Amino acid sequence: MRGFGKYYRKTWEERLAILRDTFYLDDNDIAEIEHVSGNGEIGDTMVENFITQFEIPEGLGLNYVVNGKEYLVPMVTEEPSVIAAASNGARLVKAGGGFNAEVKSRLMLGQIVIENITDVDELVRKIKADQEHLLKVANDAHPSIVRRGGGARWLRTRILANDLLSVDLAVDVQEAMGANMLNTMLEAVANEIQCTYHQDVLMSIMSNYATESLVTTKARIPVSELAKENISGEEVALKIQQASRLAQLDPYRATTNNKGIMNGVDAVTIASGNDWRAIEAGSHAYAARDGQYKGLSQWYFEDGILIGELTLPLPVGSVGGSIKIVPLVKINHKLFKAKDAKELSMIIASVGLGQNLAALYALVTDGIQRGHMRLQLKSLAVSVGAKQDEISKLVNLLEKNKKRDSASARELLEKLRREEL
Ligand code: MEV
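Predicted model, so just to flag it, every value in this text is computed and none were measured. (Residues numbered from 1 in each chain as written. Predicted model: local features only at pLDDT ≥ 70, side-chain atom pairs only at ≥ 80, totals over all residues. Heavy atoms only, no water.)

Some points on the packing of aromatic side chains
Overall, the coordinates contain three aromatic pairs when judged by the stated rule. Ring geometry for phenylalanine 4 versus tyrosine 7: centroids 5.0 Å apart, planes at 40°, classification tilted. Residue phenylalanine 4 is classed as partly exposed on the basis of its relative accessible area of 22%. Judged by relative accessible area, tyrosine 7 falls into the buried class, the value being 8%. Seen from their ring centres, tyrosine 64 and phenylalanine 99 are 5.6 Å apart, and the 10° between their planes marks the pair as stacked. With tyrosine 64 in strand β1 (residues 58–66) and phenylalanine 99 in the loop between α4 (82–95) and β3 (100–103), this residue pair connects regions lying 35 residues apart in the sequence. (Phe/Tyr/Trp six-rings, centres within 6.5 Å; stacked < 30°, edge-to-face > 60°. Buried < 20%, exposed > 50% of the residue type's maximum accessible area, 1.4 Å probe, protein only. Helix = DSSP H or I, 4+ residues; strand = E, 2+ residues; numbered from the N terminus.)

Below, the structure written as structure tokens:
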């Protein structure tokens, strides 16, 4: 494409000028890009071919009490109902004393995959016998983490085929996300395996299936909190239990159930500057851990209490990556007030469970549309061009209107402007 050769070498101003000169964007577009770009200062150091910052709203999830401590939870999402739902779910859980969360372990995993093996059992024996040496090789590749109290903890082997072996390394990365640290260690161990055992290494890379960083959170809600106009709390609790069973049985429902959980998990993970794609990939793999994709949460009704539980692999960090670079992420960590990565991961899991509760509650009572309607109408109003002072008037009109599509919203807005309404 003309003009875009060596685009990464151009200055930020030159990149924007190219977009204008090639008629992709007009002056108004460029002005908007400049407005949100923060003069290119941060973005340009983070990604290649940077043009601007992409804006997504951030709001606060409220009512979160986890292990007896109250939290403000910054959440970044473009979906109108997510933060309201997360706060509602947490309000119900707060009435029962809040979330109880625990981190069983926090180790990052990586793998060195050896190929073209002739005697896999013999190789496994050698690696097991040499385990301490290989751990030392890993630690020598990253001495600073050892000084900080972390480091490689254990090795295991998994035979994937007669000619293919995965050597898995578990590392305590302390407060970091740890991807770079782990990959450095893995490459050092891979090199040692290549040189000492004369084996072919196919690849060495961290694994996002973070089964050694599991976080569990639990909620207990007295049924009295769940009652609605025409439905008793007990009836609601039984329906939520049934919805949870459904997500265990049916992958179609499980996927949507888990998408709802990730609505919250992603929103907080993004706000915390962590790698949400890693969390997504790991969570969905965990949902399929016994061969069938299932709901990640479990809800059951016992002795007048609705009990919910969610376990997720959450290998998040509290330092490193974009955390020290992006000013808003730094501000968000002030809001979280989490003392370390473990505490942060317990907040994230709890938001996932709170989000799930709110979705199930709406689904088995009013249906999802009613509760979300005003927020959705607000988005519709904005999408057809309503200005700040017109939005709530248009939402009121749309609420009374039979049709709630873009064409009707546009028509109503025009009438509103002509003062016909
Ligand atoms: C929408 O973003 C999420 C829900 O579909 C989740 C669910 O169905 O559990 C409401």
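A look at the pairing of strand β9 (residues 297–302)
Where burial is concerned, the two faces of β9 differ: the one with Ser297, Trp299 and Phe301 is buried and the one with Gln298, Tyr300 and Glu302 is not. The turn joining β9 and strand β10 (residues 305–313), which pair antiparallel and follow one another in sequence, is formed by two residues; a positive phi near 45° is taken by aspartate 303. (Pairing = 2+ DSSP bridges.)

Quick look at the sheet that holds strand β6 (residues 164–172)
Spatially, four strands are ordered β5-β6-β4-β7 in an open sheet, and the strand pairing comes out antiparallel. Edge positions in the open sheet fall to β5 (151–161) and β7 (200–206), since each of these has one partner strand only. On average, each strand axis in the sheet is tilted by 20° relative to the strand beside it, whichever way the strands run. Summarising the sheet, strand β4 (residues 108–115) and β6 pair through seven bridges and their orientation is antiparallel. (Axes fitted to C-alpha atoms, helices over the stretch in contact; angles between N-to-C directions.)

What to know about the site of the ligand
Around the ligand sit Glu79, Arg253, Thr256, Asn257, Lys259, Gly260, Asn263, Ala359, Leu363 and Ile368, and those are all the residues in its vicinity. Here an oxygen atom of the ligand sits 2.9 Å away from a polar atom, N or O, in the side chain of asparagine 263. Here the ligand, which alone exposes 300 Å², has 83% of that area covered by the protein. For the shell around the ligand, the elements supplying multiple residues, two or more each, are α10 (251–271) and α13 (341–364). Considering every element that reaches the shell around the ligand, the biggest residue donor is α10, with six residues. When the residues that make up the shell around the ligand are grouped by side-chain class, the tally is three nonpolar, four polar and three charged. (Near = heavy atom within 4 Å. Polar contact = N/O pair within 3.5 Å; in protein donor to acceptor, adjacent residues only side chain to side chain. Areas by Shrake-Rupley, 256 points an atom, 1.4 Å probe, with all protein chains shown as cover. Nonpolar A, V, L, I, M, F, W, Y, C, P; charged D, E, K, R; others polar.)

Here's the deal with the sheet that holds β3
Pairing is antiparallel across the open sheet formed by four strands, whose spatial order is β3-β8-β10-β9. In this open sheet, the two edge strands, each paired with only one partner strand, are β3 and β9. Averaged over all neighbouring strand pairs, the angle between strand axes comes to 15°, with direction disregarded. In terms of strand pairing, β9 meets β10 through six bridges, oriented antiparallel.

Focus on the pairing of β6
Along β6, eight of the nine residues are buried, which leaves the element largely enclosed by surrounding structure. Two strands pair when backbone bridges link them, and β5 and β6 are joined in this way by nine bridges, in the antiparallel orientation. Counted as the bridge partner of alanine 161 is leucine 164 from β6. The antiparallel pairing of β5 with β6 creates a hairpin that spans two residues between the two strands.

Details of unusual backbone geometry
Positioned with a positive phi, asparagine 63 is a non-glycine residue whose angle comes to about 75°. Structurally, asparagine 63 is set in strand β1.

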